[in-house]
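Chain residues, written in single-letter form:
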Amino acid sequence: MSNFKSIPVILLLVALAIGLRLDSAAGRNGGHLLNSRCQSCHLADTVDAKNGAVLIASQEKLCVECHANAVRLSHPSGFLPNRILKDQFPRDWKGSLTCSSCHFIHGTGPGLMRSSKRGADFCHECHEPRFFEEMADRGASVLASGHLDARQQSANNDLPLDAFTLQCLGCHSDQEGGDRRVGLRKGGVLQHNSSSMNHPIGVNYAQTSRQGGYRPLELLPAEILLPNGLVGCISCHEGYSIRHGKLVRANAGSALCLTCHDL
Ligand code: HEC
Ligand code: HEC
Ligand code: HEC
Ligand code: HEC
Ligand code: HEC
Ligand code: HEC
Ligand code: HEC
């Protein structure tokens, strides 16, 4: 019996060893993170398949050191899902859905994904299509990935806009947005359509706040995001949420406005 039990472990080690050889042959010196100091994440002196899940901190903490946006503006991670997930998406030792549920941490494949499916097909591995159909944008803004894309660059040098704002504007600009369109006037003034609320975007918060009338940057709560230091759509709206476009903080009594404005 015990011999049979050890077969999967041996197969895993062989597979790992072959994987490593292929990687170094491809000049990548192994998979993602295999050039790093193992003990910056693992507790064991000699990490193997058996003790690999024993980490010195949660993945949400270990991974954001290099991937700052992978927890905020992203699929929820580091929580106990109250339903069964396919075996393909393993939980961590404490039962949480986490980075390694979707990603092979030391893999080499595209996106380090545990699934070859992409886009809606991937998301439907765990969610019913209805989950997305009921969202205001029918899931359009999130179905592409587990994270908002941070790579878009502003083509407009006069008005620096962050990658996330550019993504929102891609669907909400004057031409495309319908009732939900927002306009961007000269000098970076954003005009909401139905609420008629106008607001400057692309402004550096730290610089502006020094002139008075604003709370110091260090005192802003964590949900107020300022990508590259700039005020953008995700300073006021959640970027990746079951309620598309939800405000980061309810605005009753102008509570959202007064998190930044100190009048
Ligand atoms: C940034 C953090 C980090 C670093 C650095 C790191 N690992 Fe890992 N490793 C992980 C995580 C996270 C898992 C998945 C844990 C789980 O399955 O719950 C993992 C899993 C493993 C596993 C189990 C098999 C597998 O691939 O899932 C092995 C073996 C392993 N790591 C070896 C290493 C070695 C050897 C090093 C150093 C060369 C290393 N790791 C460096 C985070 C890290
Ligand atoms: C020391 C910095 C560092 C840490 C810590 C780190 N990564 Fe990475 N990661 C990188 C770099 C650099 C790349 C891009 C280079 C590459 O593709 O290998 C990358 C790429 C990735 C990719 C995308 C690969 C692709 O092909 O698109 C994923 C997914 C990823 N990391 C997940 C994680 C997870 C999950 C953790 C935590 C267990 C983590 N990373 C921790 C540096 C890091
Ligand atoms: C529900 C599944 C899921 C979870 C959980 C998840 N990711 Fe991802 N992640 C994805 C998908 C899907 C992609 C896009 C891969 C592709 O298309 O190549 C991705 C891409 C990435 C990338 C590369 C592209 C980018 O946007 O930067 C990094 C880095 C990354 N994930 C890190 C993490 C880290 C760190 C965690 C945990 C805090 C995590 N992921 C949790 C699904 C997930
Ligand atoms: C491994 C399973 C798994 C995969 C794959 C997965 N999800 Fe999820 N997702 C969950 C679980 C579990 C929850 C928690 C809520 C629930 O149980 O429905 C969740 C919650 C969410 C939420 C709610 C976030 C909030 O505001 O609370 C969104 C949005 C979401 N997923 C989108 C996606 C998208 C888009 C994809 C594909 C890129 C995806 N999910 C892939 C398991 C998964
Ligand atoms: C892929 C296209 C797409 C992207 C990207 C996108 N949206 Fe939307 N959004 C929509 C659609 C479609 C609607 C629904 C329009 C309607 O009801 O007429 C919508 C609706 C909204 C609403 C109104 C929600 C409601 O309940 O009425 C808000 C607020 C919003 N979006 C904000 C944002 C923000 C902020 C971003 C960037 C983080 C963003 N959107 C990115 C397509 C998108
Ligand atoms: C300073 C805060 C702030 C910023 C920045 C901001 N919004 Fe809004 N947005 C709001 C508030 C407040 C509402 C009204 C929400 C409500 O009544 O529930 C709103 C409503 C919306 C609506 C609903 C339709 C409407 O016209 O009222 C859309 C769509 C929207 N915002 C998109 C965006 C986009 C896209 C960006 C970035 C280009 C953005 N917002 C930037 C605060 C902001
Ligand atoms: C993320 C922080 C933040 C939030 C939240 C915020 N503001 Fe602002 N607001 C600013 C900054 C920074 C400026 C200064 C821009 C400049 O000087 O160009 C500004 C400027 C303005 C202005 C232009 C007047 C002036 O003196 O420049 C108005 C009006 C305004 N905000 C109203 C609002 C309202 C109404 C809300 C709530 C719906 C709100 N703001 C929420 C940061 C914020």
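Preceding this paragraph is the structure being described.
Residues numbered from 1 in each chain as written. Chains lettered and ligands numbered in written order. Predicted model: local features only at pLDDT ≥ 70, side-chain atom pairs only at ≥ 80, totals over all residues. Heavy atoms only, no water.

**Details of the overall build of the chain**
Each helix and strand in the chain was counted, giving nine helices and three strands. Relative to its 263 residues, the chain shows a buried fraction of 28%. A sequence separation of at least 24 residues applies to 41% of the contacts in the chain between residues at least 6 apart. Carbon and sulfur atoms make up 57% of the accessible area of the chain, which amounts to about 17300 Å² in all. (Helix = DSSP H or I, 4+ residues; strand = E, 2+ residues; numbered from the N terminus. Buried < 20%, exposed > 50% of the residue type's maximum accessible area, 1.4 Å probe, protein only. Contact = heavy atoms within 4.5 Å. Areas by Shrake-Rupley, 256 points an atom, 1.4 Å probe, with all protein chains shown as cover.)

**Describing the sheet that holds strand S1 (residues 182–185)**
Here we have three strands laid out as an open sheet, ordered S1-S2-S3, and antiparallel in their pairing. The sheet is open, and its two edges are formed by S1 and strand S3 (198–200), each paired on a single side. Across the sheet, the axes of successive neighbouring strands diverge by a mean angle of 25°, strand direction being ignored. Judged from the four bridges that link them, S1 and strand S2 (residues 189–192) form a sheet pairing that is antiparallel. (Pairing = 2+ DSSP bridges. Axes fitted to C-alpha atoms, helices over the stretch in contact; angles between N-to-C directions.)

**Some words on the site of ligand 1**
By nearness alone, 18 residues border ligand 1, and Cys38, Cys41, His42, Gln59 and His106 come closest of all. The contact in question runs from a nitrogen atom of ligand 1 to an N or O atom on the side chain of His42, over 2.7 Å. Between ligand 1 and the protein, one listed contact pairs a nitrogen atom with a side-chain N or O atom of His106 at 2.8 Å. Its residues placed into classes, the shell around ligand 1 shows nine nonpolar, seven polar and two charged. (Near = heavy atom within 4 Å. Polar contact = N/O pair within 3.5 Å; in protein donor to acceptor, adjacent residues only side chain to side chain. Nonpolar A, V, L, I, M, F, W, Y, C, P; charged D, E, K, R; others polar.)

**Re the pairing of S2**
Counting the residues in the hairpin turn of S1 and S2 gives three residues, including Gly187, whose phi is positive at 80°. Pairing geometry for S2 and S3, over three bridges, is antiparallel. Each residue of the ladder has a partner; that of Val189, found in S3, is Pro200.

**Points about the site of ligand 3**
Neighbouring ligand 3 are 18 residues; Cys99, Cys102, His103, Arg118 and His147 lie closest to it. Arg118 has a polar side-chain atom sitting 3.2 Å from an oxygen atom of ligand 3. Each of domain 1 (2–116) and domain 2 (118–147) contributes no fewer than three residues to the shell around ligand 3. (Domains from an automatic or database assignment.)

**Details of the coordination of the iron atom of ligand 4**
Those donors, His75 (NE2) and His127 (NE2), are the protein atoms that reach the iron atom of ligand 4, and they lie 1.9 Å from it. Coordination at the iron atom of ligand 4 is octahedral: its six donor atoms span angles of 88 to 180° at the metal. Of this pair, His75 sits in the loop between helix H2 (59–62) and helix H3 (99–102) while His127 sits in the loop between helix H4 (119–123) and helix H5 (129–133); the two residues are 52 residues apart in sequence, bridging distant segments of the chain. A relative accessible area of 17% places His127 in the buried class. (Donors = N, O, S within 2.8 Å, 3.2 Å for Na, K, Ca; no water. Tetrahedral: all angles 85-135°; square planar, octahedral: opposite > 155°, others 65-115°.)

**What to know about the coordination of the iron atom of ligand 6**
Metal coordination angles in their ideal form are 109.5 degrees for the four-donor tetrahedron and 90 or 180 degrees for the six-donor octahedron. Within the protein, the iron atom of ligand 6 binds to His192 (NE2) and His237 (NE2); these donor distances fall in the range 2.0 Å. Viewed at the metal, the six donor atoms of the iron atom of ligand 6 are separated by angles of 87 to 178°, and the geometry they form is octahedral. Placement of the pair is His192 in strand S2 and His237 in the loop between helix H8 (233–236) and helix H9 (257–260), with a sequence separation of 45 residues. Assessed through its relative accessible area of 27%, His237 is described here as partly exposed.

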